[in-house]
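# Summary of structural features
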Amino acid sequence: MYETKVLPADEKGIDLAERLLRAGELVGLPTETVYGLGADALNERAVPKIFVAKGRPQDNPLIVHVHDRSQLGGLTRSVPERAERLIRRFWPGPLTLILEKSAAVPDCVTAALPTVALRCPSHPAARALLARGIPIAAPSANLSGRPSTTTAQHVLSDLRGRIPLILDGGPCQVGLESTVLDVSRPGRAVLLRPGGVTREMLEEALGEPVDLGHGVLEPLAAGEKALSPGLKHTHYKPKARVLLFEGEPEAQCREMAAAYDEAARRGERPLLLCRDGLARSLKPRDCLPLGLSDQEIAARLFAALREADDRGAGLVLLQGVPETGVGLAVMNRALRAAGFDTRQCK
Ligand code: AMP
Ligand code: MG
């Protein structure tokens, strides 16, 4: 058991975080996507502590965070030209690249895969810590299966007593985990997890189509091998049951209202999570507005799922968004939060 400290992500906080990482301990840290739970990526005694603290399945590999392109030499076997192009365009930022790993990267980081996931975050606090020269292996700083954390308080509520330090860098701007793109094989790049760097942005930068990995928008078949181990695990789930409504806004409004009223009659404590406009039409029902744009919805989704639990909701009725731009990332998380329990509204 630790007495978990929450410190501002200033010089003093970063100093302590660096000392803890060098001593093989874990640190909760802000990034522009979600909060991360970091360890020294090259320390084989430190990295396994991440899996214990989160209750994360051992076969789910971690993302290694670097300060800049120059650190890739020690971590990868080669960096193909198209990866270089994406790095020039999107780093620092919410894009993780899957590349062939070097022998220096321990198997506990990559779940013994021959590839490693690499990202260069843009959040100033993450960059200040990475500037101290330690590559940091970090998954999202939540208990495994729960919604990712987008504030230091969320990290504390999941990991209190399990880690010594959380750096508080304010709420995360993007709010969803990084885009994960496999550029380790010949042929087209494969999108394994949509995020803030959208499929459209990647295709534009590469000048060619990007394939969508199987399992991104649909459940994997029983026994099907996942392209990315993370795809097969339960994810982003609050305690409440989540039902996702897809389709045209007018039909969504009608069906969400009907489902809410029925659940309320059954005493299930329903809660609506939807775009601001719909929230107005659904009044006076209990509702958490998520914002106007898909960006705002992305930034608020995990916090809203957590708030649903805090309010003791029994059933969350979540409005789906079109699967374009950052909407693809929102739907990838929403589908998993709902365990693929969806209603097509017509
Ligand atoms: P998290 O940081 O919790 O969001 O998890 C990292 C995500 O990256 C998971 O979905 C992993 O499956 C994925 N990932 C990490 N390393 C690899 C890899 N070498 N190949 C494919 N996917 C990976
Ligand atoms: Mg995660």
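Residues numbered from 1 in each chain as written. Chains lettered and ligands numbered in written order. Predicted model: local features only at pLDDT ≥ 70, side-chain atom pairs only at ≥ 80, totals over all residues. Heavy atoms only, no water.

### Section: the environment of Gly 247
Assignment of secondary structure puts Gly 247 in strand β12 (residues 241–247). By relative accessible area, which is 43% here, Gly 247 ends up partly exposed. Sequence spacing of Gly 247 and Pro 229 is 18 residues, and the spatial spacing of their C-alpha atoms is 30 Å. (Helix = DSSP H or I, 4+ residues; strand = E, 2+ residues; numbered from the N terminus. Buried < 20%, exposed > 50% of the residue type's maximum accessible area, 1.4 Å probe, protein only.)

### Comments concerning helix α6 (residues 152–159)
Of all eight residues making up α6, six are buried, and the element is well covered by its neighbours. Residues of α6 that are buried make contact with β1 (5–8), β3 (36–40), α2 (47–54), β8 (165–168) and α10 (294–310). Once α6 finishes, Gly 161 follows within two positions and takes phi at roughly 85°, a positive value. (Contact = heavy atoms within 4.5 Å.)

### Details of the site of ligand 1
Every one of the 17 residues lining ligand 1 counts as a neighbour, but Arg 56, Thr 115, Arg 193, Ser 228 and Gly 230 are closest to it. Take Arg 56: an N or O atom from its side chain is 2.9 Å from an oxygen atom of ligand 1. Thr 115 places a side-chain nitrogen or oxygen 3.0 Å from a nitrogen atom of ligand 1. When the free accessible area of ligand 1 is taken as 500 Å², the share hidden by the protein chains comes to 95%. Listing elements by their share of the shell around ligand 1, those giving two or more residues are β6 (115–119) and β10 (190–193). Tallied by class, residues from the shell around ligand 1 come to 10 nonpolar, five polar and two charged. (Near = heavy atom within 4 Å. Polar contact = N/O pair within 3.5 Å; in protein donor to acceptor, adjacent residues only side chain to side chain. Areas by Shrake-Rupley, 256 points an atom, 1.4 Å probe, with all protein chains shown as cover. Nonpolar A, V, L, I, M, F, W, Y, C, P; charged D, E, K, R; others polar.)

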